[in-house]
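# Per-entry structural report
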Amino acid sequence: MSVQNETDSGIGHPPLTEAMVWDAEEARRARARQIEAVARWLVPVLVVFLTLFIWDRFVVVNEIPHFILPSPGRIWQQLVADRALLGASLIITLRITLMALAVAVVGGVILAILFTQSRFAELVFFPYAVILQVTPIVSIAPLIFIYVQDATARVLICAWIVAFFPILSNTTLGLKSVDHNLRDLFTIYGANRWQRLIHLQLPSALPYFLGGLRIAGGLALIGAIVAEYVVGSGGAGSGLAFRILEASYRLNIPRMFAALTLIAVVGVTIFALTGLLSHLLLRKWHESAIRREA
Amino acid sequence: MSEIHHRTTLPIDQRPRVLEMLGIDKVFNGNVTALKGMNLRVNEGDFISLLGPSGCGKSTALRLISGLMSPTTGRILWEGGKSRGDIGVVFQEPTLMPWATVARNVYLPFRLRGQSYASVRDEIHEALDLVGLAKFPDAYPRELSGGMKMRVSIARALVTNPRLILMDEPFGALDEITRQKLNNDLLRLKAEIGCTVIFVTHSVFESVFLSDRIVVMAARPGRVVEELQIDEPYPRDLAFRTSPEYAAYSQKVSAALMTAMGELV
Ligand SMILES: Nc1ncnc2c1ncn2[C@@H]1O[C@H](COP(=O)(O)OP(=O)(O)O)[C@@H](O)[C@H]1O
Ligand SMILES: [Mg+2]
């Protein structure tokens, strides 16, 4: 910048002052930031619309019948037509997912705290946590349906089994990842177990927990859907997964797509909300939330 | 009215004792002798530097004093009581809680004693004032430079007005200019509140500038080889840094350090 400054300050040009150079640079950066802020939203939205457009053209041009592949517009019509039916199912799936996530958070965090407070508890419980995690839920679900009678409880347990492990393992890792100098400092100042947990371990674990939450949110939805598939036409079969199955028996392809769309929307919403929560809680202090210019 | 108690510093030979390390050995895992036969008397108002190559047991000495570990043999006597007195510590890293503001970080020692923030607000603000951070109580650590973070760490160490402040190479990771600035400020602080400091460093110049006593240590096994006094009145400033006395002391301390490191150099 300064080299240019010297060569540019010939006859006819007012010499660039430091302040002007700085302002130009600042303005350029501010513009880049604005563009970046808009692009962050605009690009994904444009990509989605472009995809829908191509999809629509593909279906129309090739004259594909809607019972093979419905166009986006046809799916939308179906959504509107089935809004009462699908809306009720959406609420059921949503409720199961959120309940499973809530229980996973509470259970995962409490178990993680227990693990870090007592080595013995970790030795006792950790194998079970791992076994539950590595065994595919589709293979456990039929057993749960035999032993558990309540329809909601069955699906809830399945969703919980899938969702809780990332919370548990991430929070445990976070509780153990305390800066060792801070740990020493707490010892020197005579902190007791409780103070250490509240003022040191839990805040240290927060970013890890939130990472786990983002994964668990998606998994809770998967758990709820899979459990409903496995239960088939059982008593709890009125969630979105059941609607998809039902529609497939009736070869109602547009409704399958409509239900699928709702599931995807729920998934994306959970992902966005957990991301927002994470951002709000960490933006003041955590590296992951700091945006730097390249 | 100031909240942090200000002590007056007596002449070096009249100071009452704060603690004494008597025949301290520290052996790790039964084979690494980190410290051997260390004796050290710390008096009120002393500014003591532990100077030596890395691995000579400086940090171990501080960890023993702070009670983070206990000696294999020997004893540490604290004046006026069996237990360790109230101390403040500063590590090489600022060691701040990233999720807490500057003021909340400085509040930590009080919080862990169960005192409410409101009851110690004045102390916190005075400590921040003393280290030159009066304007930043609500900043988060990541918004501060390395030197400013270190200042927060120092404010936290002195906010409870402890009997002894332990500093383990606090400025070792800072650039030279920041380091000199913090050295000056540390001496100003010391003059203002008359605290007692044990300061670990491996810089001859830093130790000469800051201390009234320098404990030269050697490694394998870690031990004290010489104790030197710097009989130079405080406050010390730029004039002292460029004086012939400073050069002479530095030479003497360097020589002692060379002897301590023996054939290894
Ligand atoms: N917790 C520990 N376990 C085993 N060895 C240690 C431990 N802490 C320090 N040491 C050893 O003790 C010696 C002195 O270490 P330290 O006090 O950290 O030296 P300094 O701070 O002077 O560099 C070194 O040889 C080091 O490897
Ligand atoms: Mg050290």
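Above this text is the structure in question.
Residues numbered from 1 in each chain as written. Chains lettered and ligands numbered in written order. Predicted model: local features only at pLDDT ≥ 70, side-chain atom pairs only at ≥ 80, totals over all residues. Heavy atoms only, no water.

Turning next to the sheet that holds strand β1 (residues 17-28) of chain B. Pairing between sheet strands relies on hydrogen bonds along the backbone, with the strands arranged either parallel or antiparallel. Residues and elements named next belong to chain B. What the three strands build is an open sheet, ordered β2-β1-β4; its pairing is antiparallel. Two strands close off the open sheet at either side, each with one partner strand: β2 (32-43) and β4 (73-78). Within this sheet the neighbouring strands show an average axis-to-axis angle of 10°, counted without direction. Of the pairings in the sheet, the one linking β1 to β2 comprises eight bridges and is antiparallel in character. (Pairing = 2+ DSSP bridges. Helix = DSSP H or I, 4+ residues; strand = E, 2+ residues; numbered from the N terminus. Axes fitted to C-alpha atoms, helices over the stretch in contact; angles between N-to-C directions.)

Every contact between the two is made by 22 residues of chain B and, on the other side, 19 residues of chain A. Of the roughly 2000 Å² buried between chain B and chain A on both sides combined, carbon and sulfur atoms contribute 68%. For the pair chain B and chain A, the number of links is one salt bridge. Two residues, A:D184 and B:R63, come together in a salt bridge whose shortest N-O distance is 3.0 Å. If you look at where chain B meets chain A, you find four residue pairs in polar contact (both at pLDDT 80 or more). Those elements that place two or more of their residues in the side of chain B that touches chain A are β5 (87-90), α2 (102-112) and α4 (146-158) of chain B. For the side of chain B that touches chain A, the leading source of residues is α2(B), giving four residues. Here the side of chain B that touches chain A is composed, by residue class, of 13 nonpolar, three polar and six charged. (Contact = heavy atoms within 4.5 Å. Buried area = accessible area lost by both parts, 1.4 Å probe. Salt bridge = Lys/Arg side-chain N within 4 Å of Asp/Glu carboxyl O. Polar contact = N/O pair within 3.5 Å; in protein donor to acceptor, adjacent residues only side chain to side chain. Nonpolar A, V, L, I, M, F, W, Y, C, P; charged D, E, K, R; others polar.)

Turning next to the side chain of B:N43. Residues and elements named next belong to chain B. Its location among the elements puts N43 in strand β2. A relative accessible area of 9% places N43 in the buried class. A polar contact is formed between the side chain of N43 and the side chain of R41, at a distance of 2.6 Å. Ignoring anything within four residues of it in the chain, the contact list for N43 reads R15, P16, R17, V18, T196 and R213. (Buried < 20%, exposed > 50% of the residue type's maximum accessible area, 1.4 Å probe, protein only.)

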